[in-house]
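# Architecture and fold: a report
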Amino acid sequence: MNELLLAIAGLSAAQGEALEIAFPHAPGVAAVQAEWNEQRVPFVRDEDRWLTVIGVDLDTAAGEHALVVEADFGADGKRRATGQVEVTAKQFPTTELTVEPGYVELSPENQERAAREARETAVIYATVTPERFWSEPFAVPVRGATSGSNFGHRRVFNGEGRDPHSGADLRATTGTPIYAANRGRVVLAKDLFFSGNAVFIDHGLGVYSVYLHLSEIRVVPGEMLEKGTLLGLAGATGRVTGPHLHWGVRVQNARVDPFSLLAL
Ligand SMILES: [Zn+2]
């Protein structure tokens with residue numbers, strides 16, 4: 001159990017970051033899981049170690065948060081270790097934006113549609129696939145791009161406060177090819193009210209990447225994509241001020257900066 005305690009000692013992450021947790025395999029360990037942010041997070045075995053990824057939501061309070069790791073020794077029972085993750089505060093600026101009024105004052109049918117789609121995406125994000133589909137590092141979905149903007153910004157649309165911006169906006173003109181950031185299964189590929197043409201990829205372990213405002217979608221739900229597969233073309237569909245790629249990542253429902261995945 002010392003390995004467990006060591007693995008979860010001294011962990012720290014900023015608001016809106018993904019964090020990898022790994023420790024060496026010990027004889028007899030059949031399965032490992034963590035409890036983090038009221039979610040159960042499975043570990044996967046990768047040769048001689050166990051690993052997983054947890055997410056710190058951009059609105060998680062700064063300070064210490066409990067992380068419980070439980071190793072299952074089969075017939076020999078389970079052992080638990082509790083540690084703390086130190087969450088550090090990050091400053092997120094406020095952005096004022098002007099969009100078509102229909103995206104701020106919704107018609108009754110659009111309100112109904114947006115609510116239905118929010119329920120649908122909430123079900124996707126709440127699903128933690130107990131496998132890790134990827135083995136290579138995550139990559140930026142626009143060739144040549146090295147940064148994005150606006151992650152975590154508090155947003156005011158046409159003078160009205162709305163949810164914080166949960167992804168990174170990447171410069172991309174309409175028609176720019178967009179590639180899967182890593183291996184995973186397409187779980188949604190269609191037009192959404194706010195997001196426009198959207199592709200959601202399940203990478204396993206509760207890690208999802210999303211690609212929004214596309215002009216064209218080139219994949220279908222259920223498809224397993226290799227890292228770097230062309231999934232669509234950038235555009236300006238949905239609630240936007242112009243063409244770009246909105247790249248978002250959820251880790252067990254936590255909204256994290258996609259660029260924080262690159263360091264895993
Ligand atoms: Zn965006």
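As the structure is a prediction and not an experimental result, all values here were calculated from the model. (Residues numbered from 1 in each chain as written. Predicted model: local features only at pLDDT ≥ 70, side-chain atom pairs only at ≥ 80, totals over all residues. Heavy atoms only, no water.)

Another aspect to go through is the environment of Lys-190. Looking at the element boundaries, Lys-190 is found in strand β14 (residues 184–192). Spatially, the C-alpha atom of Lys-190 lies 27 Å from that of Thr-146, the residues being 44 residues apart in sequence. Among the polar contacts listed, one links the side chain of Lys-190 to the side chain of Glu-120, at a separation of 2.9 Å. (Helix = DSSP H or I, 4+ residues; strand = E, 2+ residues; numbered from the N terminus. Polar contact = N/O pair within 3.5 Å; in protein donor to acceptor, adjacent residues only side chain to side chain.)

What follows deals with the coordination of the zinc ion. Ideal values differ by geometry: the angle at a metal is 109.5 degrees with four tetrahedral donors, but 90 or 180 degrees with six octahedral donors. The zinc ion binds to the protein through His-165 (NE2), Asp-169 (OD) and His-246 (ND1), with metal-donor distances spanning 2.1 Å. Every donor residue of the zinc ion comes from the same chain, spaced as H-x3-D-x76-H. One exposure class covers both His-165 and Asp-169, and it is buried. (Donors = N, O, S within 2.8 Å, 3.2 Å for Na, K, Ca; no water. Buried < 20%, exposed > 50% of the residue type's maximum accessible area, 1.4 Å probe, protein only.)

Enumeration according to the criterion identifies 8 aromatic pairs in this entry. With a centroid separation of 6.0 Å and an interplanar angle of 75 degrees, the aromatic rings of Tyr-125 and Tyr-208 are classed as edge-to-face. Note that Tyr-125 is positioned in helix α2 (residues 108–126) and Tyr-208 in strand β16 (residues 207–214), a separation of 83 residues in sequence. Among the aromatic residues, those joined into a ring-pair cluster are Tyr-103, Phe-193 and Phe-194. A cation over a ring is seen here: Arg-132 above Trp-134, with NZ or CZ 5.7 Å from the ring centre. The ring of Phe-157 carries the charged tip of Arg-239 above its face, separated from the ring centre by 4.1 Å. (Phe/Tyr/Trp six-rings, centres within 6.5 Å; stacked < 30°, edge-to-face > 60°. Lys NZ or Arg CZ within 6 Å of the ring centre and 35° of its normal.)

Strand order in the open sheet formed by 5 strands is β1-β8-β7-β3-β4, and the pairing between neighbours is mixed. For this open sheet the edge positions go to β1 (11–14) and β4 (39–42), each flanked by a neighbour on one side alone. With strand direction ignored, the average angle separating the axes of adjacent strands in the sheet is 30 degrees. Relative to β4, strand β3 (residues 31–36) runs antiparallel, the two sharing 4 bridges. Across the sheet, residue Gln-33 finds its bridge partner in β4, namely Pro-42. (Pairing = 2+ DSSP bridges. Axes fitted to C-alpha atoms, helices over the stretch in contact; angles between N-to-C directions.)

Nothing here speaks to function; it is all geometry.
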